[in-house]
Amino acid sequence: MKCRGFKLGVNVDHVATLRQARGTVYPDPLEAARLCEKAGAHGITVHLREDRRHIQDADVARLRKALKIRLNLEMAATPAIIAIAIRMRPDEVCLVPEKRRELTTEGGLNVCGQRATLRRAVARLADAGIVVSLFVDPERRQLEAAAAIGASVVELHTGAYCDATGSRAQRELRRLIAGACYAHGLGLQVNAGHGINLANISGILRIPWLDTLNIGHSIVARAVLIGMRAAVREMLKAMAGYRGGLV
Ligand code: PXP
């Protein structure tokens, strides 16, 4: 499907959340990713968290092997996870801040406060042929630092806009627009993500210079509802077809 040049990266973490809730082998994030690919998504994103609460190392390996579209690995810039990324070679890595107790990634990276560490991480990943993106709030000093330490892409954190209403939302959207212009002026590719859904996508699309939108929770949540009728019918059909006796 054509979408005015914007690309969609679907984050399938929460397919794995559903699987991990029961310790089953289903639903399989790879199966979901293949459906996203068939539906026209331009890429798949997964976040390999240090606590492995949803996506597992084996998921990343299987996605890497099977996908034709781009694989973007979200991750913290820790030595252990960087080593995994270099071994798995996703097309892209998005470095994010990570706290064990958070429900989801809460804010952008403080690039200014950890220039040396992030510069080393970016260089190691880039040397392995991986495009490196930094997940940042739309603040000039963070964007300047991202460009200065060698990142080629930034993903603007859209959470504050997506969670806001009324004049606060308008203010947050203006910040994103200004941030996107500034990042573009620094020569950075501009992606965006977090909290994007069908209700706020029209505002998001007013942000200039956007390349890729990474969207996860709302698409997985919507898929549960859109697919519910078919899933119930499938089970009823299986029940109607049962002709055996008692076991
Ligand atoms: N981009 C980044 C960097 C994220 O950390 C997340 C959440 O994992 C997303 C995009 C997707 O956010 P959501 O699930 O709210 O669409």
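Described below are features of the structure shown in this document.

Some details on the overall build of the chain
Line of reasoning, step 1. Of regular secondary structure, the chain possesses 11 helices and 8 strands.
Line of reasoning, step 2. Relative to its length of 247 residues, the chain is compact, with a C-alpha radius of gyration of 19 Å against a globular reference of 18 Å.
Line of reasoning, step 3. Counting only C-alpha atoms and orienting by the principal axes, one finds that the chain spans roughly 70 × 45 × 35 Å.
Line of reasoning, step 4. Each of the 247 residues in the chain was classed as buried or not, and the buried ones make up 45%.
Line of reasoning, step 5. Counting contacts in the chain only where the partners sit at least 6 residues apart, residues at least 24 apart contribute 65% of the total.

What about a nonpolar patch on the surface?
Line of reasoning, step 1. Residues V224, L225, M228, V232, M235, L236 and M239 make up a contiguous nonpolar surface patch of about 690 Å² in total accessible area.
Line of reasoning, step 2. Elements with a contribution of two residues or more to the nonpolar patch: α10 (217-226) and α11 (228-240).
Line of reasoning, step 3. In terms of residue count, α11 provides more of the nonpolar patch than any other element does, 5 residues in total.
Line of reasoning, step 4. Summarising the element assignment, L225 is placed in helix α10.

A word on the layout of surface pockets
One way to see where empty space is left: roll a probe the size of a water molecule over the atoms.
Line of reasoning, step 1. The calculated volume of the largest pocket comes to roughly 1700 Å³.
Line of reasoning, step 2. Taken together, 42 residues form the lining of the largest pocket, with C36, I219, V220, R222 and A223 sitting closest to its centre.
Line of reasoning, step 3. Contributing elements (two or more residues each) for the lining of the largest pocket: β1 (7-11), α1 (13-22), α2 (29-39), β8 (210-215), α10 and α11.
Line of reasoning, step 4. With 7 residues, the single largest contributor to the lining of the largest pocket is α10.
Line of reasoning, step 5. The residue makeup of the lining of the largest pocket, split by class, is 31 nonpolar, 5 polar and 6 charged.

Observations regarding the packing of helix α6 (residues 140-148) against helix α8 (residues 166-185)
Line of reasoning, step 1. Direction vectors running N to C along α6 and α8 enclose 25°, while the axes themselves pass 10 Å from each other. With respect to each other, α6 and α8 are oriented roughly parallel. Crossing geometry of α6 relative to α8 is assigned as right-handed. Counting all contacts with α6, which are made through R140, L143 and E144, the residues of α8 involved are G179, Y182 and A183.

Considering the pattern of salt bridges
Line of reasoning, step 1. Scanning the model with the defined rule gives 12 salt bridges in all.
Line of reasoning, step 2. Each of the salt bridges in this network shares a partner with another, and the network as a whole consists of E139, R141, R168, E172 and R175.

As for the sheet that holds strand β5 (residues 131-136)
Line of reasoning, step 1. Read around the closed barrel, 8 strands run β1-β2-β3-β4-β5-β6-β7-β8, paired in parallel fashion. In this sheet, adjacent strand axes meet at a mean angle of 25° when their direction is disregarded.
Line of reasoning, step 2. As judged from the 5 bridges shared by strand β6 (residues 153-157) and strand β7 (residues 189-193), these two strands associate in the parallel manner. Each residue of the ladder has a partner; that of L156, found in β7, is A192.
Line of reasoning, step 3. Along the sheet face, helix α3 (residues 57-66) touches β2 (43-47) and β3 (70-75) and points at about 160° away from the line of β3.

Concerning the environment of R171
Line of reasoning, step 1. Among the secondary structure elements, R171 is positioned in helix α8.
Line of reasoning, step 2. Spatially, the C-alpha atoms of R171 and Y161 are 8.1 Å apart, while their sequence positions differ by 10 residues.

Remarks on helix α5 (residues 115-127)
Line of reasoning, step 1. The terminal C-alpha atoms of α5, which comprises 13 residues, lie 18 Å apart, in line with the 18 Å expected from a rise of 1.5 Å per residue.
Line of reasoning, step 2. Every buried residue of α5 is listed here: L118, A121, V122 and L125. Taken around the axis of α5, the buried residues stretch over an arc of 100°, which confines them to a single face. For α5, the exposed residues lying more than 90 degrees away from the buried face are R120 and D127.
Line of reasoning, step 3. Buried residues belonging to α5 abut β3, α4 (79-88), β4 (92-95) and β5.
Line of reasoning, step 4. Positioned one or two residues after α5, G129 has a phi angle of 85°, which is positive.

A look at the nonpolar core
Line of reasoning, step 1. I44, M75, L95, L125 and L134 are the most contacted members of the largest nonpolar core, which totals 66 residues.
Line of reasoning, step 2. Among residues more than four places away in sequence, those in contact with I44 are V10, V12, A33, C36, L63, L67, I69, R70, L71 and N72.

The rules we used
- Residues numbered from 1 in each chain as written.
- Predicted model: local features only at pLDDT ≥ 70, side-chain atom pairs only at ≥ 80, totals over all residues.
- Heavy atoms only, no water.
- Helix = DSSP H or I, 4+ residues; strand = E, 2+ residues; numbered from the N terminus.
- Rg over C-alpha atoms; globule rule 2.2 N^0.38 Å.
- Buried < 20%, exposed > 50% of the residue type's maximum accessible area, 1.4 Å probe, protein only.
- Contact = heavy atoms within 4.5 Å.
- Patch = residues over 30% accessible without salt bridge, like charges linked within 9 Å, V, L, I, M, F, W, Y side chains within 5 Å.
- Areas by Shrake-Rupley, 256 points an atom, 1.4 Å probe, with all protein chains shown as cover.
- Salt bridge = Lys/Arg side-chain N within 4 Å of Asp/Glu carboxyl O.
- 1 Å grid on protein atoms, 1.4 Å probe; cavity = no way out; pocket = protein on both sides within 12 Å on 5 of 7 lines; lining within 4 Å.
- Points joined across faces, edges and corners; volume = space filled by probe spheres on them.
- Nonpolar A, V, L, I, M, F, W, Y, C, P; charged D, E, K, R; others polar.
- Axes fitted to C-alpha atoms, helices over the stretch in contact; angles between N-to-C directions.
- Parallel < 35°, antiparallel > 145°, perpendicular 65-115°, else oblique.
- Left-handed = near helix turned anticlockwise from the far one by under 90°.
- Pairing = 2+ DSSP bridges.
- Expected span 1.5 Å × (residues − 1).
- Arc of directions from axis to C-beta.
- Core = buried A, V, L, I, M, F, W, Y, C linked by side-chain atoms within 4.5 Å.

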